[in-house]
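Close look at the chain arrangement
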Amino acid sequence: MPDADGRLPPGVAFEDDDEEEADGRGGGVGAARGGARGEEGGKNNPQISPATRARAASSRELISGKGGIRNGDSKGGGSVDGGSVGGDQRPASAGRSPLLVIGPAGSGKSAALAQWLLHHQRPGFVLVHFVGSTASSTDHVLLVRRLLIELQRAFKLEGDVPTEPQLTLELFPLWLERACMKSPVVILIDGLDHLSDASDNAASRLHWLPPSVPRNCSLVLSVTTGTTAHRSCERYGWTRSVALEKMPQNDRQRVIDDVLGLVHKQFELPVQKLIVEAPQTGNVHYLRMLLDELLTTAVFETVHDLTAHMLAIARSPQQLCEVVLERFEANFGQGLVRRALSSIKCSRFGMAEEELLALLDVPPDAWSPFFLATRSALCSIDGKLTLIN
């Protein structure tokens, strides 16, 4: 469970039984490296809360594979080291199965992994891929090709990176094994469920990933629970996992204080108590949306009643999104809201603001207020607007 800043416990590290031997082999290679490891690093970091440090030991055991994750222990069953469950067959093989970071949408998986990278990198080569960060990052073949290029650059591997998709996918486990003979390797892929799927669902079926990786490699994958990609992980018997559950109430209070502090505002204690104790605010995305909506629409006299009303009618992030969209439609017109957001959603890689304005054919004085009001729901990637989550 990450803390309010999205940090995984400081004991979280990707370790082998042969860690000392592995770390001694070429540990200086890396796309991202350095930083303190384990509990010692956490104690020297004043931003890590005591509650987070207390969870370090159990989390370290879970991720290192030394404490409690055995065949069939986790939901989904099957073997930790490959095997198959259900319709898709994957050959069992010796090595390490991937580590899954799982949780519902908005639970803070990306933030937790990003914070772990910043504060708890291990020696060796660390390669990170955040799906959706660029237009091409959602293509699984291009993703693997990027991994090959980075492995070749870091380890001086001989040969050319193929351009043909099938050859690219076949070469990946071979080059990964060769790289791991020289140095520990950590590969982190965030957002498997956001990969673009063709008609055959090749991306989310995950056949392009090896069923297991060498002992000197840690493959970390984040995926939203209940998605096609998550079900594929379960079918393949990948049961080593860290589940991000609801934020504890003390962390929710920290988020409230931090968000309100950015705009130099404060809610009365009864309002804060309502928010902190509501079950749905354990979801990071829900809590942030709720705070943004209250800061936008509430005034001192109405904030308590409005908070209670929104918590009563919106029990999930999806329902809260509907409440926000209804306000947008009331303020800016149903036509503009639906056409603008639908166009962005239907675009494969987002839309430039100029393209969207030309498509909508709206004057700047009508577009600007709407754009400013929806900034918390939009992000810009390579100059194109896309929807968050």
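Please refer to the structure placed before this passage.
Given the structure is predicted, the values throughout are model-derived calculations rather than measurements.

**What about the pairing of strand β2 (residues 125-130)?**
Along β2, five of the six residues are buried, which leaves the element largely enclosed by surrounding structure. As judged from the six bridges shared by β2 and strand β3 (residues 185-190), these two strands associate in the parallel manner. Among the inter-strand pairings, phenylalanine 125 is bridged to a residue of β3, identified as valine 185.

**What about unusual backbone geometry?**
You will see that lysine 156, though not glycine, has its phi angle at about 55°, which is positive. Topologically, lysine 156 is positioned in the loop between α6 (140-155) and α7 (165-180). Here the phi dihedral of histidine 264 falls at roughly 55°; this positive angle occurs in a residue that is not glycine. In this fold, histidine 264 is placed in the loop between α10 (249-262) and α11 (269-277).

**Focus: the packing of aromatic side chains**
All told, the structure shown has seven aromatic pairs when counted by the stated rule. Look at phenylalanine 328 and phenylalanine 332: their rings are 6.5 Å apart centre to centre, the planes differ by 55°, and that puts the pair in the tilted class. On the criterion of helical spacing, the pair formed by phenylalanine 328 and phenylalanine 332 is a turn pair, its members being four residues apart in helix α14 (residues 317-332). For phenylalanine 332, a relative accessible area of 24% translates into the label partly exposed. Relative to phenylalanine 370, the ring of phenylalanine 332 lies with its centre 5.6 Å away and its plane at 75°, an arrangement referred to as edge-to-face. With phenylalanine 332 in helix α14 and phenylalanine 370 in helix α17 (residues 364-373), this residue pair connects regions lying 38 residues apart in the sequence. Owing to a relative accessible area of 1%, phenylalanine 370 belongs among the buried residues under this scheme.

Rules and cut-offs
Residues numbered from 1 in each chain as written. Predicted model: local features only at pLDDT ≥ 70, side-chain atom pairs only at ≥ 80, totals over all residues. Heavy atoms only, no water. Buried < 20%, exposed > 50% of the residue type's maximum accessible area, 1.4 Å probe, protein only. Helix = DSSP H or I, 4+ residues; strand = E, 2+ residues; numbered from the N terminus. Pairing = 2+ DSSP bridges. Phe/Tyr/Trp six-rings, centres within 6.5 Å; stacked < 30°, edge-to-face > 60°.

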